[in-house]
Amino acid sequence: MSGGGLGAGFSYQKFVHVALEQTRIRTALVPHPSQEKFKFIKTNEGNTVVNALSFSAPKIRLLRSLTIEQKNSVQVLDFAAFSEPEYDLPIFCANAFTSPARSIVVLDLNPLYDTTEHEDYREKYYRNLMPLVHKHSELLPWGGKITSESLRFFSPIVIWTILEPTEANHQVLYSAFMDYYKAWLELMDEAVQETSIEKIDRNREAQHKYLTWRAEKDPGYPLLKKLIGECAAKDLVRGFLFEGVDSLGTKSFLEYFPEYAQEDGTVNKKRSMIGKSFESRPWDAHGQFVGDAGDG
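Sequence positions are assigned chain by chain, starting from 1 and proceeding in written order. Confidence filtering applies because this is a predicted model: local features only for residues at pLDDT of at least 70, side-chain atom pairs given and counted only at 80 or more, and all residues used for totals across whole chains, interfaces and linings. To get the side-chain values, take all heavy atoms of the structure and skip hydrogens and water.

**Q** How would you sum up the pairing of strand S5 (residues 91–98)? Please name residues and give values.
**A** Remember that side chains alternate between the two faces of the sheet whenever the strand is regular. For S5, the tally of buried residues reaches seven of eight residues, placing the bulk of the element in the interior. Think of it this way: DSSP has to see at least two bridges between two strands before they count as a pair. A run of H or I in DSSP becomes a helix once it reaches four residues, and a run of E becomes a strand once it reaches two; helices and strands are each numbered from the N terminus. Strand direction decides the pairing type here: strand S4 (residues 75–83) and S5, joined by seven bridges, are antiparallel. Note that in S5 the partner of Ala-81 across the bridge is Phe-92. Both S5 and strand S6 (residues 103–110) contribute to a ladder of eight bridges, which runs antiparallel. By the bridge assignment for S6, Ile-91 is matched with Asn-110. Turn length for the S5-S6 hairpin, with the two strands adjacent in sequence and antiparallel, is four residues. Under the scheme applied here, a residue whose accessible area is under 20% of the maximum for its type counts as buried, over 50% as exposed, and between as partly exposed, the area being computed with a 1.4 Å probe on protein chains only.

Structure below.
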C-alpha cells in the first residue's frame with residue numbers, strides 16, 4: 001500500500017520541532033527579522049497550511065524552516081541553516097516533497113566551496129562524516145539519474161532518494177535527518193571564528209553565490225506560485241528561503257554563472273537539461289568525486 005495514512009499520519013513538523021530543540025541546547029536562538037514578515041502566509045487553497053519559522057544565533061546567520069501541509073495530499077519540508085560569514089561551515093539543507101505516490105528527498109551539508117576543487121575543504125568537513133552516508137544510504141538509496149547541474153552544490157555525503165511514502169520510510173528519513181543535523185550542529189559548535197577580512201569576504205561571496213543559485217533554481221517555486229501567487233512566491237524565495245541574496249552581495253546570477261546567458265541577456269532555463277547525468281552515487285567511499293569518468 002503506497003500511500004497509507006499520508007496526510008493524516010505524515011508530518012514534517014516533528015523534524016522541525018526536534019531540530020530547533022537540539023539547536024537551543026547548544027546556542028541561543030532569537031527570531032530572525034524575516035520571521036515577522038512571513039509569520040502568516042495566506043494560501044489560495046483552504047486545505048493547505050504553510051508554516052514559516054526563521055531564527056539567528058551567534059554563529060548562525062539564518063536558520064529557517066518552511067513546511068507545507070495539504071490534507072491527504074502534499075507534505076513539504078524545506079529546512080536550512082547558514083552560518084555567519086566569519087565561518088566557512090557547510091550549509092545544512094533538507095528538502096522533502098511527499099505526495100501520496102512518493103517522497104523525493106535531498107539531505108545534505110552543502111559545501112560552501114567545491115569539494116573537488118578544494119580538497120582541503122573536503123578534508124576539513126567531510127572526511128569524518130563519510131560514515132553518515134554509509135549508515136543511511138542502504139535504506140535511502142541513490143534516487144536514480146540526476147543531472148550534473150543538480151550536483152553543483154551537493155557534497156560527498158548527500159542523500160538524494162525517492163521513497164514510497166510509508167510510515168517506516170518516514171521514520172528512516174527522520175533518523176537520517178537528525179543524524180545529519182546533529183553533525184552540522186557539532187561542526188557549528190567547534191567552528192572557530194575567522195579573523196582574516198579577506199577570508200570573511202570570500203565566505204560571504206561563496207554564500208551569496210549559493211543563495212543566488214538556489215533562488216533562481218528553487219524546485220519548489222511552481223508549487224509556491226500556485227499556492228500564494230507569483231508576487232508573494234518570489235518574495236518568499238528571496239526574502240525568506242534564501243534571505244541574504246539581496247544583501248550579502250551585489251552580483252547577479254549571470255555574473256556568477258555566465259554559461260547560462262542567452263543572447264538577449266536573459267537566463268537560459270533549458271540549460272539544466274544539458275550535460276552528464278549520474279545514475280549512481282558519483283563519489284567513492286572516501287568522498288572523492290569519481291563520476292566524471294566516461295563521456296557526458
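**Q** Describe the nonpolar core, naming the residues involved and giving the relevant values.
**A** Ranked by size, the top nonpolar core spans 85 residues in total, and within it Leu-66, Phe-79, Phe-92, Phe-177 and Trp-184 carry the most contacts. No other element matches the 13 residues that helix H5 (residues 167–190) contributes to this core. Here a residue-residue contact requires only that any non-hydrogen atoms of the pair lie within 4.5 Å. Setting aside its immediate chain neighbours within four residues, Phe-92 contacts Phe-79, Ala-80, Ala-81, Leu-107, Asp-108, Leu-109, Phe-177, Tyr-180, Tyr-181 and Trp-184. The criterion is simple. A nonpolar core is a set of buried Ala, Val, Leu, Ile, Met, Phe, Trp, Tyr and Cys residues joined through side-chain atoms within 4.5 Å. Residues Val-106, Leu-151, Val-158 and Phe-278 belong to the second largest nonpolar core, which totals nine residues.

**Q** Tell me what's going on with the packing of aromatic side chains, and back it up with residues and numbers.
**A** Only centres within 6.5 Å qualify two rings of Phe, Tyr or Trp (six-membered ring in Trp) as a pair; their planes then separate them into stacked at under 30 degrees, edge-to-face at over 60, and tilted for everything else. Going through the model one piece at a time under the given rule, you end up with 26 aromatic pairs. Considering the side-chain rings of Phe-15 and Phe-177, the 5.2 Å spacing of their centres and the 50 degrees angle between planes classify their relative orientation as tilted. In this pair, Phe-15 sits in helix H1 (residues 13–26) while Phe-177 sits in helix H5, placing the two residues 162 residues apart along the sequence. A ring pair is formed by Phe-79 and Phe-92, whose centres lie 5.9 Å apart and whose planes are at 80 degrees; its orientation type is edge-to-face. Highlighted residues: Phe-79 in strand S4 and Phe-92 in strand S5, separated in sequence by 13 residues. Under the relative-accessibility criterion, Phe-92 is labelled buried at 0%. Through a chain of ring-to-ring contacts, three or more aromatic side chains come together here, namely Tyr-12, Phe-15, Phe-79, Phe-92, Tyr-174, Phe-177, Tyr-181 and Trp-184. A ring has a charge above it when a Lys NZ or an Arg CZ is no more than 6 Å from the ring centre and no more than 35 degrees off the ring normal. Over the face of the ring belonging to Phe-55 we find Arg-24, whose NZ or CZ atom lies 5.4 Å from the ring centre. One residue, Arg-64, lies across the ring of Phe-242, its end atom 5.4 Å from the ring centre.

**Q** Requested: an account of H1, with residues and values cited.
**A** Expected helix span is given by 1.5 Å per residue-to-residue step, counting one fewer step than there are residues. Taking 1.5 Å of rise per residue, the 14 residues of H1 would be expected to cover 20 Å, and the 21 Å separating its terminal C-alpha atoms lies within 8% of that figure. Every buried residue belonging to H1 is among Phe-15, Val-16, Val-18, Ala-19, Leu-20, Gln-22 and Thr-23, and all of these are buried. Considering only its buried residues, H1 is in contact with strand S2 (48–56), strand S3 (60–70), S4 and H5.

**Q** Tell me about the layout of surface pockets, and please be specific about residues and values.
**A** Using a 1 Å grid laid over the protein atoms alone, points where a 1.4 Å probe fits but cannot get out form a cavity; open sets with protein on both sides within 12 Å along at least 5 of 7 lines form a pocket; any residue with an atom within 4 Å of a point counts as lining. Grid points are joined across faces, edges and corners, and a volume is the space filled by probe spheres set on the points. Space inside the largest pocket adds up to approximately 990 Å³. Considering the residues around the largest pocket, the lining is formed by 38 residues, among which Val-106, Lys-217, Asp-218, Pro-219 and Gly-220 are closest to the centre. Elements with a contribution of two residues or more to the lining of the largest pocket: S3, S4, S5, S6, strand S7 (146–147), strand S8 (159–163), helix H6 (197–217) and helix H7 (221–228). With five residues, the single largest contributor to the lining of the largest pocket is H6. Tallied by class, residues from the lining of the largest pocket come to 23 nonpolar, six polar and nine charged. In this structure, the second largest pocket occupies an estimated 430 Å³ of space. Taken together, 18 residues form the lining of the second largest pocket, with Asp-88, Tyr-121, Lys-124, Tyr-125 and Glu-194 sitting closest to its centre. Of all the secondary structure elements, the ones that give two or more residues to the lining of the second largest pocket are helix H3 (119–125), H5 and H6. In terms of residue count, the dominant contributor to the lining of the second largest pocket is H3 (four residues). In this count, Pro and Cys sit with the nonpolar residues alongside Ala, Val, Leu, Ile, Met, Phe, Trp and Tyr, while Asp, Glu, Lys and Arg are called charged and the others, Gly among them, polar.

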